[in-house]
Amino acid sequence: MDAAALAETPTLSRAEIDLWHEQGFLGPYTLVEPEEMARLRARIDDEIFTKDQRPDWQRLHDRHLDVPEVWSLCSNPALVERVAGLIGPDLILWRTNFQLKAAGGDAVPWHQDGAYYGLEPCVLVSAWIAVDEATRENGCLQVMPGTHHAPIPHLVDSSKSAFGKEIDRGALDLAKSVAFTLRPGQFVLFNENTAHGSEANRTASRRLGLSPRITVPFVRVPPIGQGQPRPVSLLRGRDYLGLNRLLPPPG
Ligand SMILES: O=C(O)CCC(=O)C(=O)O
């Protein structure tokens, strides 16, 4: 079965699970139809980009904790059931990040999320959900197949980009990269070590995505700072170890 045919299967087939293990990513899949995403985008724009006066960083992160539309995207069965097929029935939503690339915005250097995140152990499935259309011109997500098998050394240079750490491009065969052009409401999945990045936004419009970061209850998530536990949400199943501080979804 080819990748396009696999993508139509509502829950993961054995062939999709094998593909995940082989390449380190899956998709695109449909989370919501473009019309529904247009409705949700209007709410997100209103709540987060119009009314909300928090500093940019705070405004764009962990909004599943207080914006019901963000929670509804992250908890949609089309996403949650597929992630359960990869890492099991009990799922914790650790964080969410809006991936805002303004018109003319910078490239995101190639990196593995595992080089940044202090999850113990590092078990993570990230989704990238297109809120706006993601195209090659506006800097859609790109991934490198097969890089999820092991950590790759990262160069540390905080003067080069806000990221501070990145994979030496010479270590990657960029001709093999896969670019995810997504219509609004589509998503892809990738794991903690799948190398990914994106090019600059060469258009006059923003590119907005949403990344839920999903782990499992036996993972201890890092504190927010000064030892304060970070609130997480139960997405599916049971929190069978109680290692982390759970908050209920927004009402
Ligand atoms: O949105 C992008 O361009 C990059 C996303 C990313 O680095 C991530 O989801 O970890």
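Located above this text is the structure these notes cover.
Rules behind the numbers
Position labels on residues start from 1 in each chain and follow its written sequence. Two thresholds apply to this predicted model, a pLDDT of at least 70 for residue-level local features and 80 or more for giving and counting side-chain atom pairs, whereas whole-chain, interface and lining totals are computed over all residues. Hydrogens are left out, water is left out, and the side-chain values use all remaining heavy atoms of the structure. In this description a helix means any DSSP run of H or I spanning at least four residues, a strand means any run of E spanning at least two, and both kinds are numbered starting from the N terminus. Atoms considered for the radius of gyration are the C-alpha atoms alone. The globule rule reads 2.2 Å times the number of residues to the power 0.38. Accessible areas in this description were obtained via Shrake-Rupley with a 1.4 Å probe; residue shielding takes into account the shown protein chains only. Any residue with at least one heavy atom within 4 Å of a molecule or strand is counted as near it. Contacts described as polar in this section are N or O atom pairs within 3.5 Å, which, within protein, must combine one atom able to donate a hydrogen with one able to accept it, while residues neighboring in sequence count only if both atoms come from side chains. A patch consists of residues exposed above 30% relative accessible area that lack any salt bridge, with like charges linked at up to 9 Å and nonpolar side chains (Val, Leu, Ile, Met, Phe, Trp, Tyr) linked at up to 5 Å. By convention in these notes, a salt bridge is any Lys or Arg side-chain nitrogen within 4 Å of a carboxyl oxygen on Asp or Glu. Here a strand pair is declared whenever DSSP counts at least two bridges between the two strands. The rule is simple: take the accessible area with a 1.4 Å probe, protein chains only, and divide by the maximum for that residue type; under 20% is buried, over 50% is exposed, in between is partly exposed. Two residues qualify as a contact provided that any one of their heavy atoms is within 4.5 Å of a heavy atom in the partner residue. Within 6.5 Å between ring centres, the rings of Phe, Tyr and Trp (the latter by its six-membered ring) count as paired, and their orientation is classed by plane angle as stacked under 30 degrees, edge-to-face over 60, tilted in between. We call a charge positioned above a ring when the Lys NZ or Arg CZ atom is no farther than 6 Å from the ring centre and deviates by at most 35 degrees from the ring normal.

## Notes on the overall build of the protein
So, point 1. Along the protein, the regular secondary structure elements total six helices and 13 strands.
So, point 2. For 251 residues, the compact-globule estimate of 2.2 N^0.38 gives 18 Å, and the protein sits close to it at 17 Å.
So, point 3. A total of about 11,600 Å² of accessible surface is found on the protein, and carbon and sulfur atoms cover 53% of it.

## Notes on the site of the ligand
So, point 1. Around the ligand sit Gln99, Val108, His111, Asp113, Trp128, Leu141, Phe190, His196, Ser198, Arg207, Ser211 and Arg213, and that is every residue in its neighbourhood.
So, point 2. Histidine 196 is positioned such that a nitrogen or oxygen atom in its side chain is 2.8 Å from an oxygen atom of the ligand.
So, point 3. Between the ligand and the protein, one listed contact pairs an oxygen atom with a side-chain N or O atom of arginine 207 at 2.8 Å.
So, point 4. Across the complex, the protein chains shield 98% of the 290 Å² of accessible surface that the ligand would expose by itself.

## A closer look at a nonpolar patch on the surface
So, point 1. Together, Phe218, Tyr240 and Leu241 give the surface a local cluster of nonpolar side chains, amounting to about 280 Å² of exposed area.
So, point 2. Along the chain, the position of phenylalanine 218 falls in the loop between β11 (207–215) and β12 (231–236).

## Here we look at the sheet that holds strand β5 (residues 141–143)
The strands making up a sheet associate through backbone hydrogen bonding, with each pair oriented either parallel or antiparallel.
So, point 1. Across the sheet, four strands lie side by side as β3-β10-β5-β8; this open sheet has antiparallel pairing. Where the open sheet ends on each side, the last strands, each with one partner, are β3 (108–111) and β8 (178–179).
So, point 2. Where β5 and strand β10 (residues 196–198) come together, three bridges link them in antiparallel fashion. Its bridge partner lying in β10, glutamine 142 is registered against glycine 197.

## Describing the environment of glutamine 112
So, point 1. Its place among the elements puts glutamine 112 in the loop between β3 and β4 (125–130).
So, point 2. For glutamine 112, a relative accessible area of 1% gives the class buried.
So, point 3. In the structure, glutamine 112 is positioned 42 residues away from valine 70 in sequence and 24 Å away in space, judged by C-alpha atoms.
So, point 4. The contact partners of glutamine 112, leaving out residues within four places of it in the chain, are Thr147, Ala150, Pro151, Ile152, His154, Ile167, Glu192, Asn193, Thr194 and Ala195.
So, point 5. Within the structure, glutamine 112 has its side chain in polar contact with the backbone nitrogen of isoleucine 152 (distance 2.7 Å).

## Things to note about the packing of aromatic side chains
So, point 1. Throughout the structure, instances matching the rule amount to three aromatic pairs.
So, point 2. Judged by centre distance (5.5 Å) and plane angle (40°), the rings of tyrosine 29 and phenylalanine 187 are tilted. Placement of tyrosine 29 in strand β1 (residues 25–30) and of phenylalanine 187 in strand β9 (residues 186–191) is noted, with a sequence separation of 158 residues between them.
So, point 3. Exposure remark for phenylalanine 187: the relative accessible area of 0% places this residue in the buried category.
So, point 4. Ring geometry for tryptophan 94 against tyrosine 117: centres 4.9 Å apart, planes inclined by 85°, an arrangement best described as edge-to-face. You can see tryptophan 94 sitting in strand β2 (residues 91–101) and its partner tyrosine 117 sitting in the loop between β3 and β4, a full 23 residues away along the chain.
So, point 5. Residue class for tryptophan 94 comes out buried when judged on its relative accessible area of 4%.
So, point 6. In this structure tyrosine 117 comes out as partly exposed when scored by relative accessible area, which is 22%.
So, point 7. The aromatic ring of tyrosine 116 is capped on one face by lysine 165, whose charged end is 5.1 Å from the ring centroid.
So, point 8. In this structure, arginine 206 packs its charged tip against the face of phenylalanine 49, placed 5.2 Å from the ring centre.

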